[in-house]
Amino acid sequence: MSLADTRTPDPKRFIPGATGDWEIIIGMEVHAQVTSNAKLFSGASTEFGAEPNANVSLVDAAMPGMLPVINQECVRQAVRTGLGLKAQINKRSVFDRKNYFFPDLPQGYQISQYKDPIVGEGTIVISLGPDKKGEFEDIEIGIERLHLEQDAGKSMHDQHPTMSYIDLNRSGVALMEIVSKPDLRSSDEAKAYMTKLRAIVRYLGTCDGNMEEGSMRADVNVSVRRPGEPFGTRCEIKNVNSIRFIGQAIEHEARRQIAILEDGGTIDQETRLFDPGKGETRAMRSKEDAHDYRYFPDPDLLPLEFDDAFVAELAADLPELPDDKKERLISSLGLSAYDASILVSDKAIADYFEAVATGRDGKTAANWVINNLLGKLNETGHDIEETPVSPAQLGAIIDLIKAGDISGSIAKELFEIVWNEGGDPAEIVEERGMKQVTDTGAIEAEVDKVIAANPDKAEQAKEKPNLAGWFVGQVMKATGGKANPQAVNALVRQKLGVE
């Protein structure tokens, strides 16, 4: 990881300690499983959830004489990811052997890339906020490199009381290791970075980003220093598979290091694990340096080379990425930066919104997707892919409001019915008599009844015009919320003689 210190110290990021302020320095190494049906150097399946050792070829098991053959699709996906990160694409890269021993690493080494990765430096822009003024702070985080490597297998320690079992299904699966520069300065920045990176690879389709399945996970490097001093000794928190856990791990590890240093101790360079149950990190092993792995070019693989035409073809086929989509939603639909940020944060949410917004008012569509749909999904613990309300159904509800067939309050009731029972919104409105009352004569009769029943308040309203709202509420209540609110408001004010 680069040790270039490119960010100016920011006092609002400092952590107060017992003896003064401290600054956290964070770098992240994100392992993203490449979207591919086959592994990096073999034709074995990458299907998740298969029986242990069901997806293992002779190459993955490191049988004698078995040679790796590069999967071109994995190369394409790595280059597309590099383009999405606005990074330098290296048309010549080299695969190296990274030598270390794990029981679930059959070869005794990992095929990775060291000095000559497939992708060089790039950038990601993260947004923090909104603050109390509703504004966002954009921060540019440097990408050091992206390289391809093969995953190891999995040791299972809970299958037998005295032995560990090995599952090699993941052995040889293609990973993109995306290494940031040490530009992150808080747990919030780290979480925003991981969220943005996951959104980018999902938009590109180069990784599914399913952290709970292990297809995207992060090694988080944390050190602390006094503002303006050189970088301190870093500790690596290994294999964190949740954005929330990333934040918690950084907070605990930074406090742990600060406490040691303020007590006169020193930080050991080590690899640590995060325990979500206890909310703390614990030592795993001493941290190796690059020379400990004895990297050397893999003699079974030629250097990987491609030309400008290959890169240009992939660049021409890139989809609209989050930042570009956000700018388009703001400029063409008039959405706020806050609303646009929420809608583009996940490709599935963006796709859902655009289906609803097509042919309709963008701000209205955004309001319903963010406040009603996403609010309900969050309340029930579901993802957008699991929503029982389709874009067509939500769009139909919005259309009924625009046509004046239902009021906003009826629309919310209708949304709940569609959520729980399904069905065509227009048919539900007809069948259940939910249509809004727009007959001014009928509404006027209800207004007269409410005013007649409350002569004292009607008299007070002449001095306190705000009381008109109370009468509107009473009329809406009397009509079961079906009266057109605008018509009710206009008639109430006319009858009371208030502006």
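Let us look at the structure shown here.

Calculation rules
- Residues numbered from 1 in each chain as written.
- Predicted model: local features only at pLDDT ≥ 70, side-chain atom pairs only at ≥ 80, totals over all residues.
- Heavy atoms only, no water.
- Core = buried A, V, L, I, M, F, W, Y, C linked by side-chain atoms within 4.5 Å.
- Buried < 20%, exposed > 50% of the residue type's maximum accessible area, 1.4 Å probe, protein only.
- Helix = DSSP H or I, 4+ residues; strand = E, 2+ residues; numbered from the N terminus.
- Phe/Tyr/Trp six-rings, centres within 6.5 Å; stacked < 30°, edge-to-face > 60°.
- Lys NZ or Arg CZ within 6 Å of the ring centre and 35° of its normal.
- Pairing = 2+ DSSP bridges.

**Considerations on the nonpolar core**
Nonpolar side chains in soluble globular proteins generally cluster together in the buried interior. Counting residues in hydrophobic clusters, the biggest one holds 104 residues, and the most contacted among them are Met28, Ile118, Tyr193 and Val220. Per-element tally for this core: the top contributor is helix H2 (residues 187-204), with nine residues. Counting residues in each nonpolar core, the second largest holds 19 residues, with Val450, Ala458, Val475 and Val498 among its members.

**A few points about the packing of aromatic side chains**
Taken as a whole and assessed by the stated rule, the structure comprises 11 aromatic pairs. With 6.1 Å between their ring centres and 65° between their planes, Tyr293 and Tyr295 make a pair best called edge-to-face. When the ring of Trp470 is compared with that of Phe471, the centres are 5.0 Å apart and the planes differ by 90°; the resulting orientation is edge-to-face. Trp470 gets classed as partly exposed once you look at its relative accessible area, which sits at 29%. Counting every residue linked through ring pairs, the aromatic cluster contains Tyr100, Phe102, Tyr114, Tyr293 and Tyr295. Above the plane of the ring of Phe136 lies Lys326, whose end atom (NZ or CZ) is 5.5 Å from the centre.

**Points about the sheet that holds strand E15 (residues 296-297)**
Backbone-to-backbone hydrogen bonds join strands into a sheet, with any given pair of strands oriented parallel or antiparallel. The strand order across the open sheet formed by three strands is E5-E4-E15, and the pairing between neighbours is antiparallel. Strands with a single pairing partner mark the edges of an open sheet, and in this sheet they are strand E5 (109-112) and E15. The sheet contact formed by strand E4 (residues 96-99) and E5 spans four bridges and is antiparallel. Note that in E5 the partner of Asn99 across the bridge is Tyr109.

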